[in-house]
Structure formats: structure tokens, C-alpha cells
Amino acid sequence: MIPFKKHIQDIRPYEPGKPIRELQREYGIRNVTKLASNENPLGRPSTKAMRAMRKAIREVHLYPEGSCHYIAERLSRELDLPTDQIIFGNGSNEIIELVGRGFLSEGDEVISSEMSFLVYPILTQVCGGRFQAVPVTRDYRCDLPGILARVTPKTKVIFIANPNNPTGTYVTAQEMEAFLAKVPPHVIVCLDEAYVDFVDAGDFPKMLNCVREGRPNLVVIRTFSKAYGLAGLRIGYAAASKEMVAYLHKIRQPFNVNSVAQAAAVATLDDKFFLWKTKWMVARGRKYFYRQFRRLGLEYLPSQANFILLNLKKDGNEVFQELLRSGMIVRAMGAYKLPTWIRVTIGRRSENAQLIRLLKTNLENNQSS
Ligand SMILES: Cc1ncc(COP(=O)(O)O)c(C=O)c1O
């Protein structure tokens, strides 16, 4: 008998957005648009990053720098944070995993919001921990007082995605301050800021200031996968106290971030126009979608991220399947217990317009049948 662990066998694996190639193969469609995985809307990486990648691939017969030296130096200047307060991962997903492996033992508790990134409960289960999902508020926001009320001596980690995936809602600076003041020091607070670059709300918390102040139980997680357009390379990072970073370094693999990703991340940080254009596209796309959703009479959640959650008031999975047949990949929300909602990523202008056309046709067909 193979000694499979029960708590691992019980895991429902994370289902990523369908890759474009898979849909092309399955449905025999050539033109596929993917607005499903919150990737960069420009539809390509930065040209500076591509140049750096071409150079870096000449040396992929060598192991990468385990210390991520150059990207650490570059990011340290960018964030005004010492290099020993930054750690890189194979995507920010790996950082989330390092925190789990570093702090969770069997029976430990992890708290997060009910409608948040599905990797948090999966990781908790992998580590044999108990996941506590706190329901969102009536306006689909993270209930921080509700999270605090669930803290027990067994609580080891709290995950908060801000802005949150999949709702796009956010926790304000004032709310965060009140929350952090009450979190007991034995609890690690992981603030997942994967979408922070798309935020335009003036009252969004500046968590790197807390890291600079040296809060020992805080880990701020960020990624190059979204606004920086490097999702396929897998590179993300965490900013935290020196002690926390040193501890997480002990857990990671010696060469956890590949050399092409390291080189591309340095170059993309230098490409300010790429970042500016990305943010501009997302801000414009958000406004466009809000306008169009209102016109179609669809409920949506105002978003601080590069995606919007949309209530179709009918089976979201059916609409998802129908959109797939037309070559449009979005995200059904059944796994988040939101069966009538879909999540759409903001893309290029023509892609956004294509989605609106398809949704309009879907709604009209429904009315006439
Ligand atoms: C909230 C959140 N955190 C982390 C990640 C992981 O990003 P990556 O591993 O590509 O850095 C995602 C990806 O979609 C996300 O939505």
C-alpha cells in the first residue's frame, strides 16, 4: 500500500485559466482571446525585457545566481529597501508556499477571506493545517474584524490579498492599521499585493512603510507576473524583516529563480514606459467595462485590479462554456461559490470590445429563447 496522505488526497487541485493553445487544440479554433488569468494587457513582454532574455539564454547551460544578486540590487533601489529585506521566488506563488512550509505544522490554523486566492486553502491543506474562511462583507470586501475574531493560539498565518482576487475589492489604509494593531505577534500576516500596481485608490495602504519600520510578523508579497508582464517566467518576491527573509531563505531551493527570469525582471524594471502603458490600459479598460456592463444592465464589483467580477444572474459556467466555443476564455467562479458570476481580465481595447459583443449576443439569445 502506498502511504498517500489523506489530507493531500482530499485536495481539490487549483484549476488555472485554460491556456490558449489548449482551446485551439480542443475546439479547432484559431483566433482565441484569453481574458482569464489576469495577465498583462499589452499582449507581449517589455521589449527591454525581451532583449535581456535573448542575452540571458546564451548562458542557460549555467546555474542561475542563487542569491538573485542583480535583481535584488535593482529592486532594492526601486523600493528603497535593503537587499536583505527582499527574497525572490519562482513566482510569488513560491513565496506563499515558503511561508506555509516555514510556519505551518499539522493542526495549525490559517485564516483568510472566503472569496480569495485559492492557493491559500490548498497550501494549508498540503501542510496539514486547518483553513478558516471568513465570509466577505455585504459589499464583497475582506472582513478584517471577522478575521481577528477567529484568531486563536493555534493561528499561525493570516493571508490577505489586497487588492483581492477574485473580487477586485480592497482594504483601506485605516482598516489595515486598525487590524495590524490588534494582530497578536505570534501570527504571520501575509499581505499579497500581486495587483498593487493597478491601484488608483488614494486610501490604499502603503505596506512597504510597515516593512521599513521593521514589523517582525509582516510579509508583503508581490509579483512580476501581472503589471510587469513576465507571468511565463515565474518570478515574484516578498519584502519583510531581515529575520523573516533570512528564515525563508533557509527553506527555498538553492536555485529557485531561473536566470532568464532574473535578467528579464531587471530589464522590465528599467522600462518605465511599459509599466506606464500597462497601467493606463488597465485604467481605461476598467472604465470601458464599467460603462458597458451598466449599459447591459449587469452587476459588477468596482475593481482596483486588472480584472472585474461580473454577475450574469444565470449559470456562469454555461456562459463560460459558450464563450469558450466562440474562442473567448474568461473565468467561471463556481470554485469561489459564486455560480452566477464570471471574472474577466482587462485586455486590449479590441479584446474588451469582443467580450462585450459576445456577452450582448448571449444575453439577447437568452431573452429571445
Ligand atoms: C492574489 C494572487 N497572489 C498570487 C498570485 C500568483 O502569482 P505568481 O505566482 O504568478 O507571481 C496570483 C496569481 O494569479 C494571485 O491572483
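Residues numbered from 1 in each chain as written. Predicted model: local features only at pLDDT ≥ 70, side-chain atom pairs only at ≥ 80, totals over all residues. Heavy atoms only, no water.

**Student:** Give a detailed account of a nonpolar patch on the surface, specifying residues and quantitative values.
**Tutor:** On the surface, a cluster of nonpolar side chains totalling about 380 Å² of accessible area is made up of F273, W276 and W280. You can call W276 partly exposed: its relative accessible area is 48%. (Patch = residues over 30% accessible without salt bridge, like charges linked within 9 Å, V, L, I, M, F, W, Y side chains within 5 Å. Areas by Shrake-Rupley, 256 points an atom, 1.4 Å probe, with all protein chains shown as cover. Salt bridge = Lys/Arg side-chain N within 4 Å of Asp/Glu carboxyl O. Buried < 20%, exposed > 50% of the residue type's maximum accessible area, 1.4 Å probe, protein only.)

**Student:** Explain the nonpolar core to me, and be specific about the residues and the numbers.
**Tutor:** Formed by 82 residues in total, the largest nonpolar core has its most connected members in F88, F179, F224, F293 and L359. Ranked by the residues each element gives to this core, the list is headed by helix α12 (residues 272-295), at six residues. Domain assignment of the residues forming this core places at least three in each of domain 1 (15-44 + 273-368) and domain 2 (47-270). Contacts of F293, omitting those with residues within four sequence positions, involve L298, Y300, I308, L310, V344, I356 and L359. The next biggest cluster of nonpolar side chains, apart from the first, holds 25 residues, and it includes L104, F117, V219 and A238. (Core = buried A, V, L, I, M, F, W, Y, C linked by side-chain atoms within 4.5 Å. Helix = DSSP H or I, 4+ residues; strand = E, 2+ residues; numbered from the N terminus. Domains from an automatic or database assignment. Contact = heavy atoms within 4.5 Å.)

**Student:** Can you tell me about the domain arrangement of the chain, naming the residues and giving the values?
**Tutor:** Taken domain by domain, the chain comprises domain 1 (15-44 + 273-368) and domain 2 (47-270). With 26 residues of domain 1 in contact, the opposing surface of domain 2 contributes 25 residues. Note on domain 1 versus domain 2: buried area summed over both sides is about 2200 Å², and carbon and sulfur give 62% of it. Linking domain 1 to domain 2 there are one salt bridge. A salt bridge links D200 to R286; the nearest nitrogen and oxygen atoms lie 3.1 Å apart. At the junction of domain 1 with domain 2, the criterion picks out 10 residue pairs in polar contact (both at pLDDT 80 or more). Put simply, the parts of the chain that give the side of domain 1 that touches domain 2 at least two residues each are α12, β10 (307-311) and β13 (341-345). A per-class count over the side of domain 1 that touches domain 2 returns 13 nonpolar, seven polar and six charged. (Buried area = accessible area lost by both parts, 1.4 Å probe. Polar contact = N/O pair within 3.5 Å; in protein donor to acceptor, adjacent residues only side chain to side chain. Nonpolar A, V, L, I, M, F, W, Y, C, P; charged D, E, K, R; others polar.)

**Student:** Got a sec to walk through unusual backbone geometry? Specific residues and values, please.
**Tutor:** Looking along the chain, the bond that leaves N162 and enters P163 is cis, with omega of -5°. For P163, the location among the structural elements is in the loop between β5 (155-161) and α8 (173-182). Positive phi, close to 55°, is recorded for K313, a residue that is not glycine. By the element assignment, K313 lies in the loop between β10 and α13 (316-325).

**Student:** Residue-level account of the sheet that holds strand β12 (residues 331-332), with values.
**Tutor:** Spatially, four strands are ordered β9-β10-β13-β12 in an open sheet, and the strand pairing comes out antiparallel. At either end of the open sheet lies a strand with only one pairing partner, and these are β9 (299-300) and β12. Pairing between β12 and β13: two bridges, direction antiparallel. Looking at β13, one finds that A332 is bridged to I342. Contacting β9, β10 and β13, α12 runs over the sheet at an angle of about 10° to β10. (Pairing = 2+ DSSP bridges. Axes fitted to C-alpha atoms, helices over the stretch in contact; angles between N-to-C directions.)

**Student:** Run through the site of the ligand, naming residues and quoting values.
**Tutor:** Surrounding the ligand, one finds G91, S92, N93, F117, N165, D192, A194, Y195, T223, S225, K226 and R234. Backbone polar atom of S92 to an oxygen atom of the ligand: 2.7 Å apart, as the coordinates give it. At 2.6 Å, a side-chain N or O of S225 approaches an oxygen atom of the ligand. For the ligand, whose unbound accessible area comes to 400 Å², protein coverage reaches 92%. Of the residues in the shell around the ligand, the class split is three nonpolar, six polar and three charged. (Near = heavy atom within 4 Å.)

**Student:** Residue-level account of the sheet that holds strand β6 (residues 188-192), with values.
**Tutor:** Strand order in the open sheet made by the seven strands is β2-β8-β7-β6-β5-β3-β4, with mixed pairing throughout. Because the sheet does not close on itself, it has two edges, and the strands there are β2 (86-89) and β4 (130-134). Pairs of neighbouring strands in the sheet enclose a mean axial angle of 20°, with direction left out of account. By the bridge criterion, four bridges tie β6 to strand β7 (residues 218-223) in an arrangement that is parallel. Bridge pairing in β7 places V189 opposite L218. The sheet contacts of helix α6 (residues 119-126) involve β3 (109-113), β4, β5 and β6, and relative to β4 the element is tilted by about 155°. The sheet strands contacting α8 are β5, β6 and β7, and the helix crosses β6 at an angle near 160°.

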